[in-house]
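Observations on the model geometry
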Amino acid sequence: MFTEYGVMKIRIAIILLIVIVVSCSKDTFNSKPSLKLKETSGDYVPLDGNYGVQFTLEYTDAEGDIAGVPIYLQKLSSSAPCADNTKDPTYLDSSYTLPADVPLSANQKGAIVITISDLLLNRIACDPLDTLEDATFKFWFKDQAGNVSDTVTSPVIKIEKQP
């Protein structure tokens, strides 16, 4: 026959076992796609030369219905809004897409590399003193079922501009 102390030890052991089993289950693929920023190539883009910034994003999707969907990119700038309201160094773009040949299979995981240079740096100076901006970039996508991924935000990128 178990004593009250013995029953309490068994209950604690069962609770610990349940906690361990629940904490060890790793369901990383959901219907809502996930997006994570894995790497940024730098934090400064000089004016001279052909420089840009490269972002490596990691994605997962449970259904794998992501082939050919656009990746939304939003640039936010410390220079915006320009005082005269005629120029805007911020933008929203959807010209990047996930490759169309991504197979339709469950539990998709992969990486996307996006390079922003030249025109998409959008080096718009608001005035003659506006020669350097702090920009952040946001990324997200929507799978074919309409599920929107997480939005990831880059660290601050300093972009040199010519007034």
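Structural data are supplied above this passage.
This report concerns the structure included in the present document. Note that the structure is a prediction, hence the values are computed from the model and not measured. (Residues numbered from 1 in each chain as written. Predicted model: local features only at pLDDT ≥ 70, side-chain atom pairs only at ≥ 80, totals over all residues. Heavy atoms only, no water.)

**Observations regarding the pattern of salt bridges**
Throughout the structure, instances matching the rule amount to four salt bridges. Salt-bridge contacts for Lys32 lead to Asp150; the nearest nitrogen and oxygen are separated by 3.2 Å. Note that Lys32 is positioned in the loop between helix 1 (4-24) and strand 1 (34-40) and Asp150 in the loop between strand 7 (132-141) and strand 8 (152-153), a separation of 118 residues in sequence. Taking the shortest distance from any N to any O, the salt bridge between Glu133 and Lys75 comes out at 3.0 Å. Highlighted residues: Glu133 in strand 7 and Lys75 in strand 4 (residues 70-77), separated in sequence by 58 residues. With a relative accessible area of 0%, Glu133 lands in the buried category. (Salt bridge = Lys/Arg side-chain N within 4 Å of Asp/Glu carboxyl O. Helix = DSSP H or I, 4+ residues; strand = E, 2+ residues; numbered from the N terminus. Buried < 20%, exposed > 50% of the residue type's maximum accessible area, 1.4 Å probe, protein only.)

**What about the pairing of strand 9 (residues 157-160)?**
Within a regular strand, the side chains alternate between the two sheet faces. Only one face of strand 9 is covered, namely the face carrying Ile157 and Ile159; the face carrying Lys158 and Glu160 is uncovered. Here strand 7 runs beside strand 9; their pairing, made up of four bridges, is antiparallel. Paired with Asp134 across the bridge in strand 9 is Lys158. (Pairing = 2+ DSSP bridges.)

**A few points about the nonpolar core**
Nonpolar side chains tend toward joint burial in soluble globular proteins. Counting residues in hydrophobic clusters, the biggest one holds 26 residues, and the most contacted among them are Tyr59, Leu98, Ile114, Ile116, Phe137, Phe139 and Phe141. For this core, the secondary structure elements donating two or more residues are strand 3 (52-61), strand 4, strand 5 (91-97), strand 6 (108-117), strand 7 and strand 9. When residues no more than four places from it in sequence are discounted, the contact partners of Leu98 are Tyr59, Ile66, Ala67, Gly68, Val69, Ile71, Ile112 and Phe141. (Core = buried A, V, L, I, M, F, W, Y, C linked by side-chain atoms within 4.5 Å. Contact = heavy atoms within 4.5 Å.)

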